[in-house]
Amino acid sequence: MTDIYPVKPAVAEKAHITEPQYFEMYKRSVEDNEAFWAEQGKRIDWIKPYSKIKDVSFQKDDLHIRWYYDGTLNVCANCVDRHLPEKANDTAIIWEGDDPNVSQHISYQALFDNVCRFANVLKARGIQKGDRVTLYMPMIPEAAYAMLACARIGAIHSVVFGGFSAEALAGRIIDCKSKLVITADFSNRGGKQIPLKQNVDAASAIKGVSDYLESVLVIKNSDTSVAWNDAQDYWYHEILETVDTDCPAVEMDAEDPLFILYTSGSTGKPKGVLHTSGGYIVYASMTHQYVFDYHPGDIYWCTADVGWVTGHSYIVYGPLANGATTLMFEGVPNYPDHSRFWQICDKHKVQTCYTAPTAIRALMREGDEPVKSTSRETLSLLGSVGEPINPEAWHWYYEVVGDSHCPIVDTWWQTETGGILISPLPGATPLKPGSATRPLFGIQLALVDSDGNELQGEADGNLIIKDSWPGQMRTVYGDHQRFIDTYFSAFDGVYTTGDGARRDKDDYYWITGRVDDVLNISGHRMGTAEVESALVAHHDVAEAAVVGYPHDIKGQGIYVFVTLNVGVEASDALEKELVQWVRKEIGPIASPDLIQWAPGLPKTRSGKIMRRILRKIAENDFENLGDTSTLAEPAVVDDLIANRKNR
Ligand code: WT7
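Keep in mind that this is a model prediction, so the values were computed, not measured.

Conventions adopted
- Residues numbered from 1 in each chain as written.
- Predicted model: local features only at pLDDT ≥ 70, side-chain atom pairs only at ≥ 80, totals over all residues.
- Buried ≥ 20, exposed ≤ 12 C-beta atoms within 10 Å, placed from the backbone.
- Helix = DSSP H or I, 4+ residues; strand = E, 2+ residues; numbered from the N terminus.
- Pairing = 2+ DSSP bridges.
- Right-handed = clockwise from strand over helix to strand, strands pointing away.
- Near = placed C-beta within 6 Å.

A. Region of interest: the pairing of strand β17 (residues 325–329). Most of β17 sits inside the fold, with five of its five residues counted as buried. Here β17 shows no split at all, with Thr325, Leu327 and Phe329 on one side and Thr326 and Met328 on the other all buried. Pairing of strand β4 (residues 91–96) with β17, which is carried by four bridges, proceeds in the parallel orientation. By the bridge assignment, Ile93 is partnered in β17 with Thr326. Alignment of strand β16 (residues 299–302) against β17, held across three bridges, turns out to be parallel. Within β17, the residue paired with Ile299 across the bridge is Thr325. In this fold, β16 hands off to helix α12 (residues 309–321), which returns the chain to β17; that crossover is right-handed.

As structure tokens, then:
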């Protein structure tokens, strides 16, 4: 029996895309790819219109990706200025504070004024076209102003999630050689103050940062005072008084960089994913309109943080390019209580709510009452992103939150893809709980086996993409070879996603998770290698191996095997210290959930750690350890099994 939810006639009736339209457009988008994207490009205002659509090669010795490449535009002007003639007084951003009594409506006119002034503040700090600016910000309107202000003057923003540590922030400042960091004194989350400025101070003291960092621009977001360095720190509000409101938007080439966003991979340090201007904004606009079936006047809410790509494409760029009202929430789902999300929906008459399975599962655990105590009568569409949504959570989201009348769009994509690639369209796609369903326009998916042979029909394999789309990343900042090695080397001539997927008899895709050493913790990516290198940097640790295991709320938890240096005693205190250590090195999202002391790690005779075995031990699946004949010391495994940590 397949659990399937047909498209509701009432939804199809008002939808931009119905099922026959989806099939017709999809076919055209693949058969006449350039014509399709030439058409979609018109949703954006170009300064100099493009005549060239696409110049792409996925061959690793000639890798290049260019879209709309003789056109010029300004992304900020597309998100702000062009809406002024008709929408100056319409709300662009609804900001909801952590404190439920605090909210603000920012009109397109006010957004324009704020962004122009912010851009002039950046110029006053010496920022010019092409400079990198790091943002380490709370979820306040100034985060959006800052991103758009960078886009306005052609500076490249790199937003670092406010939950990352000073060390992680420092690494990202150094990697892209940022001259300026924009932050706030504090971020307010769940009634607590997070000391962002203090973390920036700690980051600036780390070796290498001062080679690039010239100034820190601080937004005042509390009444609590902070330490101050006169040589480097500037209050935003003080410079603001000295600048005027006039700031022309700079003409940018379609392929000029818009932003860098760091993301974890299976090896090495986080990569600076680079997105450019023209193709990215076309793709963000198209997907926001079709996937969320956005219509003028809708109140649209994406609960992500701007520190992640979801916040870039679906809080700021996509919705604002479409002249939408986008809601930005400073706080957390459980403050002041577990009804907060749904209270926000009622308070601001939200139509679309786009969140993550981990949040849904955490709220589901609190029962139905916190949901049922709200009306949610304006809700008409729900969205999910970040990891596969388990059917139990899907059903609760659908039945309890959506009162069985809101379609759920389960959107699959990646930091690298810039926008959603696989998702139902509300008016076009019958839903199957747990499946991201079908590819969007222009997205040519395939499944391949480990030798790269394409699989036909119902199949399970590596998810790859055969051709480019305008929102695709263009390079790894400062390391083009790494871009090629990571995404275009495993299989010839295609983009490798790093995910596994199954295709069913209806050609629906079911993402099965990462096939590499990347963990997905609460919908956020974390490389096992990153956590391991943080651990071995601790003076008591000789060796560490990190794997994921199933976790009820987070999807995956972090399971750590640690071998201590000779002479070091294992203890509860040391375990706590190692957890704190990782939080300090990377951030709370990398916190180990379980640490097991390992006198030895299972290795091949050539010394390679056999993670496959560790994964099975962490999953409590001792029956399926697989082939252990290549182990150098088989007894190691028995010890690890005997001492497996219980959840
Ligand atoms: C990885 C990308 C793109 C925004 C958030 C995460 C997993 C993402 C889904 C989904 C199953 C999903 C994949 C992907 N993922 N969305 N709807 N169903 N898996 O961005 O940090 O770049 O992570 O998240 O494994 O590769 P990201």
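The structure having been displayed, the exposition proceeds.
B. Geometry of unusual backbone geometry. A cis amide bond links Tyr335 to the next residue, Pro336, at an omega of -5 degrees. Among the structural elements, Pro336 can be located in the loop between β17 and α13 (340–348). Positioned with a positive phi, Ser522 is a non-glycine residue whose angle comes to about 50 degrees. As for its placement among the helices and strands, Ser522 is situated in the loop between β27 (518–521) and β28 (524–527). Judged by the 20 C-beta atoms lying within 10 Å of it, Ser522 is buried.

C. Spatial organisation of the site of the ligand. As a structural note, the neighbourhood of the ligand is formed by 23 residues, with Trp412, Gln414, Thr415, Ile511 and Arg525 the closest of them. Counting residues per element, the ones that place at least two in the shell around the ligand are α12, β20 (408–411), β25 (495–503), β26 (509–514) and β28. Top contributing element to the shell around the ligand by residue count: β25, with three residues.

In short, the description is geometric, and any link to function would need to be established separately.
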